[in-house]
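# Secondary and tertiary structure notes
What follows is the residue order along each chain.
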Amino acid sequence: MAESMLGLKRTKRCGEYTTEDIGTLVTVMGWVQKSRNKGGIIFVDVRDRSGLIQLILEESDCGVESFEKGTRLRSEFVIAATGKVEPRSGAVNENLKTGQIEVRVKDLRILSESETPPFPVQEDLKTKDELRLRYRFLDLRRPDLQKNFILRHKVCMEARNFLSEEGFLELETPMLTKSTPEGARDYLVPSRVHPGNFYALPQSPQLFKQLLMCSGFDRYFQIVKCFRDEDLRADRQPEFTQLDMELSFVDENDVIDVNERLLQRLFQMIGVEVSLPIPRMTWREAMDRFGSDKPDLRFEMELTDVSDVVKGCGFGVFSQAIEKGGSVRGLNVKGQGDMPRKKIDSLVDFAKDYGAKGLAYLSLKEDGSIKSSFTKFLQEEEVKKLVEKMQGEPGDLLLFAADQDKVVFDVLGNLRVEIAKRCALIPENTYRFLWVTEFPLLEYNEDLGRYQAMHHPFTMPMEEDLSLIESDPGKVRAKAYDIVLNGTELGGGSVRIHQNDIQEKMFDLLGFTKEEATKQFEFLLRAFQYGVPPHAGLAFGLDRLVMFMAGEDNIREVITFPKVKDASCLMTDAPNLVDDTQLDELGIAIQPDVLEALKEEASDSEDNNS
């Protein structure tokens with residue numbers, strides 16, 4: 001039966017006691033980690049978020065009643081124990097902060113009993129994620145997870161302190177706002193007081209932070225929840241947190257400078273020194289060298305364009321790709337020339353997942369011989385030039401993709417990282433930061449038959465490319481920048497358009513009529529009529545940032561109550577059905593035939609993503 005803590009007050013957290021407390025009477029409260037009954041003496045490890053401390057119960061000290069309670073203790077019981085701190089009577093535990101002391105109990109209360117947990121509450125748990133997330137409230141008791149959330153708290157506090165010192169103001173923007181196009185799907189919220197109308201949960205505070213710049217708050221930041229109804233991956237969630245900021249009267253160098261210093265300060269918290277300035281690389285260079293706009297620089301292996309060597313060669317896959325405006329590029333996997341055919345075939349299958357029709361290979365054996373899937377179609381001199389262009393040496397494996405550039409980059413960029421993982425080429429405990437700059441302003445959407453913004457419609461083109469907006473919009477570069485760490489985008493931003501004529505051209509390129517642009521963005525465009533300062537900003541994915549700092553591979557490990565891949569919560573069983581009365585109040589009716597079609601579409605989408 002649970003007891004009251006009336007009259008008791010916890011003196012410290014479990015892990016905060018030291019040898020300086022020896023001889024003092026204390027009250028310890030927490031969860032039972034482990035209890036060991038040795039007959040006339042009971043050892044109990046008590047845990048809270050600060051750590052563990054050992055309790056000792058002997059009937060001569062605590063009396064018959066408390067000792068009897070001690071015999072009933074099980075894992076995850078919540079207890080309160082009053083006793084005296086003493087030097088550890090047994091062997092000192094050097095791996096425990098409180099390993100030199102113990103508490104000899106005089107009084108014990110069981111504040112709450114526990115059923116047998118579905119998994120042990122301990123570090124490095126190997127239990128299936130589904131079970132952990134269903135019992136997330138237990139999972140969060142594990143010391144390694146609690147360390148992650150203590151770190152997350154400290155990161156938020158340090159970021160707030162740094163930005164405050166830099167003259168930023170923390171300001172909040174609305175959670176219920178207007179749905180706008182040119183992004184991922186919105187989460188919509190029906191309005192009861194405006195029947196048939198909907199709010200949208202914000203995908204980012206973009207428009208509101210630009211309005212704050214118009215309002216004269218020249219440096220804003222916010223740690224803010226954002227929402228996107230999109231398919232999930234290891235580093236994606238339908239609701240996520242941004243460390244968001246916007247600055248007035250600045251250019252991209254000012255934004256980069258303040259964020260480099262912020263990153264340097266944050267990573268000092270985990271003992272990692274970030275050297276400044278962080279290197280920069282244009283989007284074009286990143287794609288050409290690594291096939292990715294977020295390249296992992298912790299290992300070598302760059303793409304090589306061999307189109308000039310194989311142009312017009314006898315291998316149709318290569319020559320036809322070039323004739324159709326594409327390219328042929330390769331990777332030199334050093335020292336893997338003897339990779340078994342079965343493993344090469346698995347790389348081919350991997351490449352096909354990213355759009356490749358196949359993957360050509362050339363193995364340079366140590367004895368000077370060549371094994372290849374395509375060299376029989378090439379002249380001996382062509383093979384020699386190809387190997388030279390790839391800087392191939394005996395013992396190397398050369399892999400080639402041929403297609404339109406977008407496909408080739410996607411295939412080889414992902415293949416490069418996959419090979420590095422399989423071949424253990426990525427060093428541990430290494431942090432390689434990179435700014436990727438000068439992104440294309442626009443990308444052409446074949447399905448829509450028009451250009452769409454690569455970032456958002458308010459991104460400023462580079463001044464030297466303004467003349468191309470009408471004549472060759474695909475070549476216009478943006479004043480946009482992403483911060484990348486170890487092959488993952490930590491955040492991104494841009495200089496914003498503040499001139500009406502450029503904004504009108506941008507809307508026109510994106511297919512908006514003047515009336516449509518006004519309808520969607522009227523409140524922002526109205527503000528722009530009353531004096532708008534040049535401004536720029538950036539947003540970090542806070543979850544990803546903390547994930548890296550905590551050394552985790554999945555952002556679920558740094559989010560208290562995360563969703564799984566289908567955007568559901570296993571613990572609360574959300575999303576779920578609601579009462580018909582609630583739907584009636586909102587004027588919403590569920591159409592069974594439409595619902596079944598949507599379920600089938602969602603199932604197909606999940607299968608494709610898998």
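You'll find the structure just up there.
Now for a description of the structure that goes with this document. Just so it is clear, the model here is predicted, and its values are computed rather than measured.

### A closer look at the overall build of the protein
Scanning the protein for helices and strands turns up 18 helices and 22 strands. Taking the principal axes of its C-alpha atoms as reference, the protein extends roughly 95 × 75 × 55 Å. Taking all 610 residues of the protein together, the buried fraction comes to 45%. For the protein, contacts bridging at least 24 residues in sequence account for 67% of all contacts bridging at least 6.

### Some remarks on the pairing of strand β13 (residues 327–333)
In terms of burial, β13 is a largely internal element, seven of the seven residues being buried. Side chains S327, R329, L331 and V333 project from β13 onto one buried face, and the interleaved V328, G330 and N332 project onto a second face that is buried too. Sheet analysis places strand β12 (residues 303–305) next to β13, joined by three bridges and oriented antiparallel. Paired with D305 across the two strands is R329, which belongs to β13. By the bridge criterion, seven bridges tie β13 to strand β16 (residues 397–403) in an arrangement that is antiparallel. Within the sheet, the bridge partner assigned to V328 lies in β16 and is A402.

### Regarding the sheet that holds strand β4 (residues 78–87)
Spatially, the five strands close up into a barrel ordered β1-β2-β3-β5-β4, and their pairing is mixed. Sheet twist, expressed as the mean angle between neighbouring strand axes with direction ignored, is 55°. As judged from the six bridges shared by strand β1 (residues 25–37) and strand β2 (residues 41–48), these two strands associate in the antiparallel manner. Bridged to W31 within β2 is R47. Strands β1, β2, β3 (51–58) and β5 (101–112) of the sheet are contacted by helix α1 (residues 59–71), whose axis makes an angle of about 45° with β5.

### Brief notes about a negative patch on the surface
Residues D579, D580, D584 and E585 make up a contiguous surface patch of negative charge. If you trace the backbone, E585 turns up in helix α17 (residues 580–586).

### Thoughts on the packing of aromatic side chains
To describe a pair of aromatic rings, you give the distance between the ring centres and the angle between the ring planes. The tally for this structure, following the rule as stated, stands at 18 aromatic pairs. Considering the side-chain rings of F267 and Y431, the 5.8 Å spacing of their centres and the 70° angle between planes classify their relative orientation as edge-to-face. Of the two residues, F267 is situated in helix α6 (residues 252–268) and Y431 in the loop between α12 (405–422) and β17 (433–437); the sequence distance between them amounts to 164 residues. Using a relative accessible area of 25% as the deciding quantity, one classes Y431 as partly exposed.

### Structural notes on the environment of L362
Within the fold, L362 resides in strand β14 (residues 360–364). Residue L362 is classed as buried on the basis of its relative accessible area of 0%. Filtering out sequence-adjacent residues up to four positions away, L362 remains in contact with I370, K371, S372, F374, T375, V383, L386, V387, D396, L397, L398 and F400.

### Notes on the sheet that holds β13
With antiparallel pairing, the five strands of this open sheet are ordered in space as β12-β13-β16-β14-β15. Two strands bound the open sheet, and with one partner strand each, they are β12 and β15 (370–372). Averaged over neighbouring strand pairs, the angle between their axes works out to 25° when direction is ignored. Contacts from α12 reach β12, β13 and β16 within the one sheet, and its direction differs from that of β13 by about 5°.

### Observations concerning the side chain of E246
Within the element layout of this structure, E246 appears in strand β10 (residues 239–248). Here E246 falls in the buried class, since its relative accessible area comes to 0%. Among the polar contacts listed, one links the side chain of E246 to the side chain of R496, at a separation of 2.8 Å. When residues no more than four places from it in sequence are discounted, the contact partners of E246 are F168, K209, Q210, M213, D218, R219, Y220, R496, H535, A536 and G537.

### Overview of the side chain of S327
Secondary-structure assignment places S327 in strand β13. A polar atom in the side chain of S327 sits 2.5 Å from the side chain of D405. Not counting residues within four places of it along the chain, the set of residues in contact with S327 comprises D305, S307, A321, A401, A402, D403, D405 and V408.

### Some points on helix α16 (residues 542–550)
Among the nine residues in α16, eight count as buried, and that is most of the element. What α16 keeps buried is the set L542, D543, R544, L545, V546, M547, F548 and M549. Of the residues one or two after α16, G551 is the one with positive phi, at around 75°.

### What to know about the pattern of salt bridges
Per the counting criterion, the structure on display carries 55 salt bridges. The shortest N-O distance in the salt bridge between D257 and R261 comes to 3.2 Å. Here the residue D257 and the residue R261 both occupy positions in helix α6, the gap between them amounting to four residues, near one helical turn. A salt bridge links K479 to E463, with the shortest nitrogen-to-oxygen separation between them at 2.7 Å. Note that K479 is positioned in the loop between α13 (468–471) and β20 (480–485) and E463 in the loop between β19 (450–453) and α13, a separation of 16 residues in sequence. For E463, a relative accessible area of 43% puts it in the partly exposed group. One salt-bridge network, in which partners are shared between bridges, spans D129, R132, R136, D139, R142, D144, R556 and E557.

### Remarks on the pairing of β4
Direction of pairing for β1 relative to β4: antiparallel, over a ladder of seven bridges. The partner of V28 across the bridge, within β4, is A81. As paired strands, β4 and β5 are joined by 10 bridges and run antiparallel to one another. Bridge pairing links A80 to R109 in β5.

About the thresholds
Residues numbered from 1 in each chain as written. Predicted model: local features only at pLDDT ≥ 70, side-chain atom pairs only at ≥ 80, totals over all residues. Heavy atoms only, no water. Helix = DSSP H or I, 4+ residues; strand = E, 2+ residues; numbered from the N terminus. Buried < 20%, exposed > 50% of the residue type's maximum accessible area, 1.4 Å probe, protein only. Contact = heavy atoms within 4.5 Å. Pairing = 2+ DSSP bridges. Axes fitted to C-alpha atoms, helices over the stretch in contact; angles between N-to-C directions. Patch = residues over 30% accessible without salt bridge, like charges linked within 9 Å, V, L, I, M, F, W, Y side chains within 5 Å. Areas by Shrake-Rupley, 256 points an atom, 1.4 Å probe, with all protein chains shown as cover. Salt bridge = Lys/Arg side-chain N within 4 Å of Asp/Glu carboxyl O. Lys, Arg positive; Asp, Glu negative; His and termini not counted. Charge placed at Lys NZ, Arg CZ, Asp CG, Glu CD. Phe/Tyr/Trp six-rings, centres within 6.5 Å; stacked < 30°, edge-to-face > 60°. Polar contact = N/O pair within 3.5 Å; in protein donor to acceptor, adjacent residues only side chain to side chain.

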